[in-house]
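Architecture and fold: a report
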Amino acid sequence: MSSSHYSELGAVLAVVALLAVAATPAAAVSVSGDEPSTAQVGEQQSTTFEVAEPFSDYEEWTLRAETDLENVTWTIQTFDNAGNQVDEETLTGQTIEYDFDAATAVTRADVQIEGTTPGTETFQWSYDPEQTVTYASFEQTQRGGSTSQIGSAFETRPYTTDSREARRAIDDAEAAVERATDAGGSVTGAERDVRDAIEFYNAGEFNQAVTNTNEAESAASSAQSSAKRTRLLMYGGAAVVVLLVLGGLGYWYLQQRDTYDKLG
């Protein structure tokens, strides 16, 4: 192969490499953390979120953080590429702002939030979809410029001891209804009791919700037992029919054999 061909091949490979680089999405600022999936009302919460690639979009910008937690304290620590702490700041309130500047050589930040799960006056009880509150949400803002949310908001499901008991009872009742349905039982009444229990849950009347789920489970259990008895009776009736048919065939065979013997 001539040197010109090598040159042409090298140029093609260089173009392909450039296209591959161009097609690779650039890293963007992101926030990660493990917020609790559920949180008891009035209970103290604490979670640390990590802000990565802070200067992938802008060299100067403001982090805006919000939460539905109450009595909130935010602690923001920034670090350089070697893991050395650059800055630490403590802020309070459900909404805070913190300025990022690339000149500080910061490569990541830890944002710790501490607060208590809000009271029931701040949200509406809901069985499905589950009631949630914003545990933390983060935005990237520029002064006089654009604002964009960083990822999705971190949410948690608030609960009380009574609401948790009612939710579990509804779950159990729904499972009982499903088992009765699979067994072929009539579950109209049980389904109605479950629907009523969910309505009571949504209204925050958890004791009544539990009462309805107990009625639903009882009705579903009765329906399942009735379906099993009916199935056993059907099997028993089918067995009797088979025995009668076999008995009739046996009798017919004996009669035919006796007739044959007499003729012989």
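This one's a predicted model, so the numbers in the text were calculated from it and none came from an experiment. (Residues numbered from 1 in each chain as written. Predicted model: local features only at pLDDT ≥ 70, side-chain atom pairs only at ≥ 80, totals over all residues. Heavy atoms only, no water.)

Some details on the overall build of the chain
What the chain contains, in helices and strands, is 4 helices and 11 strands. Residue burial in the chain is summarised as follows: out of 264 residues, 30% are buried. Within the chain, contacts between residues separated by at least 24 positions form 70% of all contacts whose residues are at least 6 apart in sequence. Accessible area for the chain stands at about 16000 Å²; split by element, carbon and sulfur atoms hold 50% of it. (Helix = DSSP H or I, 4+ residues; strand = E, 2+ residues; numbered from the N terminus. Buried < 20%, exposed > 50% of the residue type's maximum accessible area, 1.4 Å probe, protein only. Contact = heavy atoms within 4.5 Å. Areas by Shrake-Rupley, 256 points an atom, 1.4 Å probe, with all protein chains shown as cover.)

Things to note about the pattern of salt bridges
Tallied over the full model, the rule gives 7 salt bridges. A salt bridge links Asp99 to Arg143; the shortest N-O distance between them is 3.0 Å. Residue Asp99 is found in strand β7 (residues 95–101), and its partner Arg143 is found in the loop between β9 (133–141) and β10 (147–149); the two are separated by 44 residues along the sequence. Note that Arg108 and Asp110 form a salt bridge whose closest N and O atoms lie 3.0 Å from each other. Owing to a relative accessible area of 27%, Arg108 belongs among the partly exposed residues under this scheme. Asp110 sits in the buried class, given a relative accessible area of 17%. Residues joined in a network through salt bridges with shared partners are Arg64, Glu66, Glu97 and Glu139. (Salt bridge = Lys/Arg side-chain N within 4 Å of Asp/Glu carboxyl O.)

With respect to the confidence of the model for the chain
Scored by pLDDT, the chain comes out at a mean of 85, with 75% of its residues at no less than 70. Taken together, the stretch residues 9–25 has pLDDT below 50 and engages in 0 contacts with residues farther than four places along the chain or on a different chain. (pLDDT = per-residue confidence, 0-100.)

Some thoughts on the pairing of strand β8 (residues 108–116)
As judged from the 9 bridges shared by strand β3 (residues 44–52) and β8, these two strands associate in the antiparallel manner. Bridge assignment links Ser46 to a residue of β8, and that residue is Glu114. One ladder, built from 8 bridges, connects strand β5 (residues 70–79) with β8; its direction is antiparallel. Bridge pairing links Thr75 to Gln112 in β8. (Pairing = 2+ DSSP bridges.)

Overview of helix α2 (residues 161–182)
When the terminal C-alpha atoms of α2 are compared, their 32 Å separation across 22 residues agrees well with the 32 Å that a helix rising 1.5 Å per residue should span. Restricting attention to buried positions, one finds in α2 the residues Ser163, Ala166, Arg167, Ala169, Ile170, Ala173, Ala176, Val177 and Ala180. The first or second residue beyond α2 is Gly184, which carries a positive phi of 90 degrees. (Expected span 1.5 Å × (residues − 1).)

Concerning the packing of α2 against helix α3 (residues 188–202)
The relative placement of two packed helices comes down to the angle between their axes together with the axis-to-axis distance. Interhelical geometry of α2 versus α3 gives an angle of 160 degrees and a closest axis separation of 10 Å. The angle between α2 and α3 places the two elements in the roughly antiparallel class. The handedness of the crossing between α2 and α3 is left-handed. Packed against α2, whose contacting residues are Ser163, Ala166, Arg167, Ile170, Ala173, Glu174 and Val177, the element α3 presents Ala190, Glu191, Val194, Ala197, Ile198 and Tyr201 at the interface. When grouped by side-chain class, the residues that make up the contact of α2 with α3 number 9 nonpolar, 1 polar and 3 charged. (Axes fitted to C-alpha atoms, helices over the stretch in contact; angles between N-to-C directions. Parallel < 35°, antiparallel > 145°, perpendicular 65-115°, else oblique. Left-handed = near helix turned anticlockwise from the far one by under 90°. Nonpolar A, V, L, I, M, F, W, Y, C, P; charged D, E, K, R; others polar.)

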